Amino acid sequence: MNTFSPNIRPIIRQLDEAAINRIAAGEVVERPSSAVKELVENAIDAGARRITVEVADGGKTLIRVSDDGCGMSPQELPLALARHATSKIDGSDLLNIHSFGFRGEALPSLGAVGRLMIQSRAAGEEGAELSVSGGQISAVKPCALNGGTVVTLRDLFFATPARLKFLRSDRAEMMAISEVIKRLAMAEPSVGFTLRDVSEGKDRVTFRADPCSGDLFDALRGRLAQVMGAEFTDNALSIDAEREEIRLTGLAALPTYSRGTSVAQYLFVNGRPVQDKLLHGALRGAYADFLSRERHPAVALFVDCDPHKVDVNVHPAKSEVRFRDPGLVRGLIVSALRHALAEAGHRASTTVAGATLGAMRPEPSGPPRVYQMDRPSQGALSTAWKAQAPMPAPPPPEAGFAEMAQDYSGRVDPVEEAPQGADDSHPLGAARGQVHENYIIAQTGDGIVIVDQHAAHERLVYEKLKHQMAERGVAAQALLIPEIVEFSADDLSRLLSISEDLARMGLSIEPFGGSAVAVRETPAILGEVNAKALLSDILDELADYGSSQLVQEKIEAILSRVACHGSIRSGRRMRAEEMNALLREMEATPHSGQCNHGRPTYVELKLSDIERLFGRT
């Protein structure tokens, strides 16, 4: 768009303070949740231990943030509304940031587009309040306040009514505010947060998180249970890794506890919630071997490093960061997550068993009948085990269940002894039978395990193939005539910057003059390859995530298909020793709790849950 007129020369003008603040507000305050974020961050920076946020009509008519922080003196209040006035930095080092805010733009920006009132009281000072409406500041007045600060923002965007047209419904804006509070609550487990909806004169608590005490992981786990739910923390792995003074901590869920979108991915850098494509790309790469592209892991990860190693001043809302060494951070995330997932072994999420029990539980049609039964004694258990032992010379089946063998595919294999101590040495227990020629029933010390034999063996074969490929490398297939592909100069530069990584995966490229690239080798396992399409897809991933795992994913997809065809098929009858061998191999193989697409390979049902299904209490 060009509005230049050749007959009128444009003249440079200095904008007035009100216009400057409204422009700044357009960058900092995009919607009510942006205002809440700025005010709550100020409260945290003030050392608050409890923060209460009250919102009406999705934040359009009222936002009130109250805290018990250090407060401000009457002399400081006018300065708090001046642009680029802050107590958090002295301006000598813009990289040494240890607080959420540091620009000094939030309060004057909010005062330029809404009706703002600040009430504050510092220790040893009198309480004072100051109001600003559409950029017009009133005089400082005394007020009654025990301590801390209360910031009230009414009629957001009344001074810029065009912005109101772009806001969403009250419900949508309230959900965005709740999401902001939850992210900040995860970053500060020791601070209590309360969110209230006071629309239409009502007072409804929509979110509450009490302060959590304890060491780093205890407090963090407690807070994440409050925000993300106990199911997440029960099915998450603790992450604690460090490399070159960059530390990664947090919780990462098992692959079988995945989501359909990335809504359960929370990433923090030096305690600041961020949405960074580098970090999301690293997260995707870490789980690429366990989840299909349609599934997303649930994580809460915290990257902590020297403030000089990361620039947080690259985005108006400070939601993106730039690392000095992004490759180091990405490698730390990928390796730490994969190591934790490998240590989890065959473990699958508990939600799988919960869903199974939910499907088995009948709908109640009246008051539940409870049958009081005694647990069997040890002697009765011993007798039961002996009864299951094989007979010395069993007669050929001529009647009974044998006549139904053609209609029902369930059978029980004889056992020699009870799996005593199975929980310690054999977590997946001992095979007791096979149903429908696809599901193995195993007995553990405190329940049963149902194994999908095809999915489990497919994962085992896949892990073996990957191990063999890692030892021998990816075989490359030299092209008789190199394929020449034209790209833009920027795309060519991005491709050549990862040429060594591509070569390790069997894809060899080199510059061919101008903006062309020559493809000389492709991974042999992929067969015939459309080089231009493959390289274009790699460039798309580089643009979206800052890195590309496309070639590795394609190779692993081939290995997955090979594993599928080479594994035990559904419908095959297995002997007892074969079933037990499969269980033992699952226990010894990392990632065997989920198939190549993130689905569970087994379900474990505890005896106590089974007894509840039958009314045995």
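Here the structure is a predicted model, which means the values were calculated and not measured. (Residues numbered from 1 in each chain as written. Predicted model: local features only at pLDDT ≥ 70, side-chain atom pairs only at ≥ 80, totals over all residues. Heavy atoms only, no water.)

### Focus: the side chain of Ser499
Here is step 1: Checked against the element boundaries, Ser499 lands in helix α16 (residues 499–504).
Here is step 2: Engagement of the side chain of Ser499 in a polar contact is seen with the backbone oxygen of Leu496, the distance being 3.0 Å.
Here is step 3: Contact partners of Ser499, with chain neighbours within four places excluded, come to Leu507 and Ile509. (Helix = DSSP H or I, 4+ residues; strand = E, 2+ residues; numbered from the N terminus. Polar contact = N/O pair within 3.5 Å; in protein donor to acceptor, adjacent residues only side chain to side chain. Contact = heavy atoms within 4.5 Å.)

### Digging into the sheet that holds strand β25 (residues 516–523)
Here is step 1: Spatial ordering of the open sheet is given by β23-β25-β24, a layout of 3 strands whose pairing is antiparallel. Since the sheet does not close on itself, it has two edges, and those belong to β23 (476–486) and β24 (508–511), each with one partner. Within the sheet, the average angular offset between the axes of one strand and its neighbour, ignoring direction, is 20 degrees.
Here is step 2: Note that β24 and β25 share 4 bridges and pair antiparallel. Residue Pro511 lies in a different strand from β25, and its bridge partner there is Val517. (Pairing = 2+ DSSP bridges. Axes fitted to C-alpha atoms, helices over the stretch in contact; angles between N-to-C directions.)

### Remarks on the packing of helix α9 (residues 277–287) against helix α10 (residues 326–343)
Here is step 1: For the pair α9 and α10, interaxial distance at closest approach is 9 Å and the crossing angle is 35 degrees. Once α9 is placed against α10, the crossing between them reads as right-handed. Along its contact with α9, which presents Leu278, Leu279, Gly281, Ala282, Leu283, Gly285, Ala286 and Tyr287, the element α10 presents Pro326, Val329, Arg330, Ile333, Val334, Leu337, Arg338 and Leu341.
Here is step 2: The class makeup of the residues in the contact of α9 with α10 is 12 nonpolar, 2 polar and 2 charged. (Left-handed = near helix turned anticlockwise from the far one by under 90°. Nonpolar A, V, L, I, M, F, W, Y, C, P; charged D, E, K, R; others polar.)

### Section: unusual backbone geometry
Here is step 1: Although it is not a glycine, Glu200 sits at a positive phi angle of roughly 55 degrees.
Here is step 2: Relative to the helices and strands, Glu200 is located in the loop between β8 (192–197) and β9 (204–209).
Here is step 3: Given a relative accessible area of 70%, Glu200 falls into the exposed group.
Here is step 4: In this structure, His591 takes a positive phi of about 65 degrees despite not being glycine.
Here is step 5: Take His591: it is sitting in the loop between α19 (576–588) and β26 (602–606). (Buried < 20%, exposed > 50% of the residue type's maximum accessible area, 1.4 Å probe, protein only.)

### Remarks on the sheet that holds strand β11 (residues 246–253)
Here is step 1: Spatially, 5 strands are ordered β10-β11-β16-β13-β14 in an open sheet, and the strand pairing comes out mixed. At either margin of the open sheet sits one strand with a lone partner, and together these are β10 (236–243) and β14 (272–274). Within the sheet, the average angular offset between the axes of one strand and its neighbour, ignoring direction, is 20 degrees.
Here is step 2: Pairing of β11 with strand β16 (residues 299–304) involves 6 bridges; the strand directions are antiparallel.

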